[in-house]
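# A structural walkthrough
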Amino acid sequence: MFLLPILLAFRSTEADAALIVRLQRREPQALAELYDRYGRIAYSLILRVVRDAGIAEDLVQETFLRVWNRVQAFDAQKGAIGPWLLAVARNRAIDYIRSTGGRERNTVEFEETDHPSLYTDMESGILASDKARVVKAALEKLSPNQRQVIELAYFEGLSQTEMAARMGQPLGTVKTWVRAALKVLRDELGAQAVSA
Amino acid sequence: MNCSELRDHYELYALGLAEEPERDEIHAHLGRGCEVCMSETKRAREMVALLGGSAAPAAPSPKLRRRILASVGVEHRGFGWTPLFAGSTALLLAAAVYFGGREADFSRQVERLTDQSRAQIIELTRLNEAFALMNGADTTVTSFGEKKPVPKGKLFYNPAKGALLIASNLPPAPAGKAYELWLIPKAKGANPVPAGMFQSQSDGTVMRLMPGPIDANTTAAIAVTMEVEAGVAAPTPPILIVAPLAPALQ
């Protein structure tokens, strides 16, 4: 029974590789399958960031078009399209709230993390549904402040200085919470990601 | 810096929190193909990717799939601006591919233009839908909140096309909260029906389209409350907006 997640992850990787090849051949039906596979998780993530269903749908559309247009740079045998797509989705959403909030856009960082070659040799099954439980459990091990800084960083794209201003706390305190939170997550999720 | 000095910074880097000089150092290590940094950054990115799964599950409207496929020419929409812009986008993309191998900077420039074109298509599509509803022969308008300081606006209602809510003085909901739309049934004792979440702009304005038929015989009004961002099954007082549906003139 405990082998099921591993088998599912393996199947996901195999299926993703074939899907990437078809996307690179510009098969429109492959885009439909990509959407069916990752549309909901991308939408859920973007909605969590922008908190507006209409804008979230627009940004999901942008995300899939961006992936469609950049997929040629992907190594089908090594790439993990799910984590890459999710990174693009997060960047689109954070870019949006930065622009509407009058915050400076972190262009270099976003262009860099958007690049598909950074997602080679990554496990596609990392986004399998069984992982959600593990993530939830890991986040529950964080203190409220630790959890808040991780959420502000991941879902709002705030820097540590911006978090300190938002939370009304000294920068050093925020940095301590961030490091402590990342250590907990590294211990809890790191092993999961590597052993997926 | 050597890799061991960067050991505690890979997760910060993956999360976008790394500061100088560590950020530049990791970037430089990755640029020259440092195996330790490549491996550690990959591990950190995997961990960060897992956080994406912690967002509350939500489902987009079925129309979104069609919109995405239509934008790459899979399914044709009705008459409108989209085919024209899709053609422009395709030309820009073809140009990007052609010049990409020869001139990387130019290719990036074309890509930015393509992104802008795509954003314009999306915005035009939204505005087209909104104007189509506002100009519909059966569309009626009701005002709300006129005698109160906040919020106020208008509701455009078309039985076949849906409703368009335009409001002001609706400040952005705080972190963890969002506004939820409700269809208020006419029948006594019937429960309000959730009709989607939204967030207002930083200036307190909102233009929210609710596409699809709405029956004024069974629905009395559109209401808005502030809820947790995942949405709730029943509205939480206070009700911020109540906009009655005005039946179409016969």
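Below or above, wherever it landed, is the structure these notes cover. It should be emphasised that the depicted structure is a prediction, and the values quoted were computed from it without experimental measurement.

When helices and strands are counted, chain B shows six helices and eight strands. Out of the 250 residues in chain B, the part that is buried amounts to 40%. For chain B, the share of sequence-separated contacts (at least 6 apart) that also reach a separation of at least 24 residues comes to 57%. If you sum the accessible surface of chain B, you get close to 13,200 Å²; carbon and sulfur atoms cover 59% of it.

Time to look at the pairing of strand β2 (residues 152-158) of chain B. All names here are of chain B. Along β2, five of the seven residues are buried, which leaves the element largely enclosed by surrounding structure. Of the strand pairs in this sheet, strand β1 (residues 140-144) and β2 are connected by five bridges, and their pairing is antiparallel. Across the sheet, residue T140 finds its bridge partner in β2, namely Y157. In this sheet, strand β3 (residues 162-168) lies alongside β2 in antiparallel orientation, the contact comprising seven bridges. Directly across from G153, in β3, lies its bridge partner A167. Where β2 hands over to β3, the hairpin turn is made up of three residues, counted between the paired strands.

All names here are of chain B. Its location among the elements puts T219 in strand β7 (residues 219-228). Owing to a relative accessible area of 9%, T219 belongs among the buried residues under this scheme. Beyond its immediate sequence surroundings of up to four residues, T219 is in contact with L183, I184, P185, K186, I214 and L245.

Residue and element names in this part refer to chain A. The end-to-end C-alpha distance of helix α2 (residues 28-50) is 28 Å, clearly below the 33 Å that 23 residues give at a rise of 1.5 Å each. Of all the bends found along α2, the most pronounced is centred on Y38 and spans about 55 degrees. Looking one or two residues past α2, R51 carries a phi angle of roughly 55 degrees, positive in sign.

Residues and elements named next belong to chain A. Taken N-terminus to C-terminus, the directions of α2 and helix α7 (residues 144-156) make an angle of 110 degrees; their axes are 9 Å apart at the nearest point. Viewed along their axes, α2 and α7 adopt a mutual orientation that is roughly perpendicular. Along the contact surface, α2 presents L45, R48 and V49, while α7 presents E151, Y154 and F155. Here the contact of α2 with α7 is built from residues that sort into four nonpolar, no polar and two charged.

Let us now look at the sheet that holds strand β5 (residues 193-198) of chain B. Residue and element names in this part refer to chain B. Read across the sheet, four strands follow the order β5-β4-β7-β8 without closing on themselves; strand pairing throughout is antiparallel. Looking at which strands have only one partner, the edges of the open sheet turn out to be β5 and β8 (241-244). Here the average twist between neighbouring strands, direction ignored, is 20 degrees. As paired strands, strand β4 (residues 177-185) and β7 are joined by nine bridges and run antiparallel to one another. Its bridge partner being in β7, L181 is matched across the sheet by V224.

This next bit is on the interface of chain A and chain B. Taken together, the contact pairs 70 residues of chain A with 59 residues of chain B. Regarding the contact of chain A and chain B, the summed buried area is about 5,700 Å², with carbon and sulfur atoms giving 59% of it. By the criterion of area lost to chain B, the three top residues of chain A are Y35, R51 and Q61 of chain A, representing 13% of everything that side buries. Where chain A touches chain B, the interface holds five salt bridges. Of the charged contacts in the structure, one is a salt bridge between R65 of chain B and D36 of chain A, with a shortest N-O distance of 2.8 Å. Here chain A and chain B share 16 residue pairs in polar contact (both at pLDDT 80 or more) between them.

Another point: the pattern of salt bridges. Using the criterion set out here, one finds 17 salt bridges over all chains in the structure. The shortest N-O distance in the salt bridge between R98 of chain A and E162 of chain A comes to 3.7 Å. Remark: E162 of chain A occurs in helix α8 (residues 160-167) and R98 of chain A occurs in helix α4 (residues 81-100); sequence separation between them is 64 residues. With a closest N to O distance of 2.9 Å, E40 of chain B and R43 of chain B form a salt bridge.

Tallied over the full model, the rule gives three aromatic pairs over all chains. Judged by centre distance (5.5 Å) and plane angle (25 degrees), the rings of Y179 of chain B and F198 of chain B are stacked. Taken together, the residues Y179 of chain B in strand β4 and F198 of chain B in strand β5 connect sequence positions 19 residues apart. A cation sits over an aromatic face here: R26 of chain A above W68 of chain A, 4.2 Å from the ring centre. Sitting over the ring of F155 of chain A, R48 of chain A keeps its end group 4.3 Å from the ring centre.

All names here are of chain A. Mapped onto the fold, T63 is located in helix α3 (residues 53-70). Sequence separation between T63 and I46 is 17 residues; the distance between their C-alpha atoms is 9.9 Å. When near neighbours in sequence (up to four residues on either side) are disregarded, T63 contacts I46, L85, V88, A89 and R92.

A separate point is the side chain of D52 of chain A. In this structure, D52 of chain A sits in the loop between α2 and α3. Here Q199 of chain B takes part through its backbone nitrogen, which lies 3.1 Å from a polar atom of the side chain of D52 of chain A. Look past the residues within four positions of D52 of chain A in its chain and what remains in contact with it is L47 of chain A together with M197, F198 and Q199 of chain B.

All names here are of chain B. This model, assessed by the stated rule, comprises zero disulfides over all chains. Between C34, a free cysteine, and C3, which holds the nearest cysteine sulfur, the sulfur-to-sulfur gap is 3.4 Å. Note on C34: relative accessible area 14%, which makes it buried. Looking at the unpaired C37, the closest cysteine sulfur is the one in C34, lying at 3.7 Å.

How each quantity is defined
Residues numbered from 1 in each chain as written. Chains lettered and ligands numbered in written order. Predicted model: local features only at pLDDT ≥ 70, side-chain atom pairs only at ≥ 80, totals over all residues. Heavy atoms only, no water. Helix = DSSP H or I, 4+ residues; strand = E, 2+ residues; numbered from the N terminus. Buried < 20%, exposed > 50% of the residue type's maximum accessible area, 1.4 Å probe, protein only. Contact = heavy atoms within 4.5 Å. Areas by Shrake-Rupley, 256 points an atom, 1.4 Å probe, with all protein chains shown as cover. Pairing = 2+ DSSP bridges. Expected span 1.5 Å × (residues − 1). Bend = angle between axes of the 7 residues up to and from the residue. Axes fitted to C-alpha atoms, helices over the stretch in contact; angles between N-to-C directions. Parallel < 35°, antiparallel > 145°, perpendicular 65-115°, else oblique. Nonpolar A, V, L, I, M, F, W, Y, C, P; charged D, E, K, R; others polar. Buried area = accessible area lost by both parts, 1.4 Å probe. Salt bridge = Lys/Arg side-chain N within 4 Å of Asp/Glu carboxyl O. Polar contact = N/O pair within 3.5 Å; in protein donor to acceptor, adjacent residues only side chain to side chain. Phe/Tyr/Trp six-rings, centres within 6.5 Å; stacked < 30°, edge-to-face > 60°. Lys NZ or Arg CZ within 6 Å of the ring centre and 35° of its normal. Disulfide = S-S within 2.5 Å.

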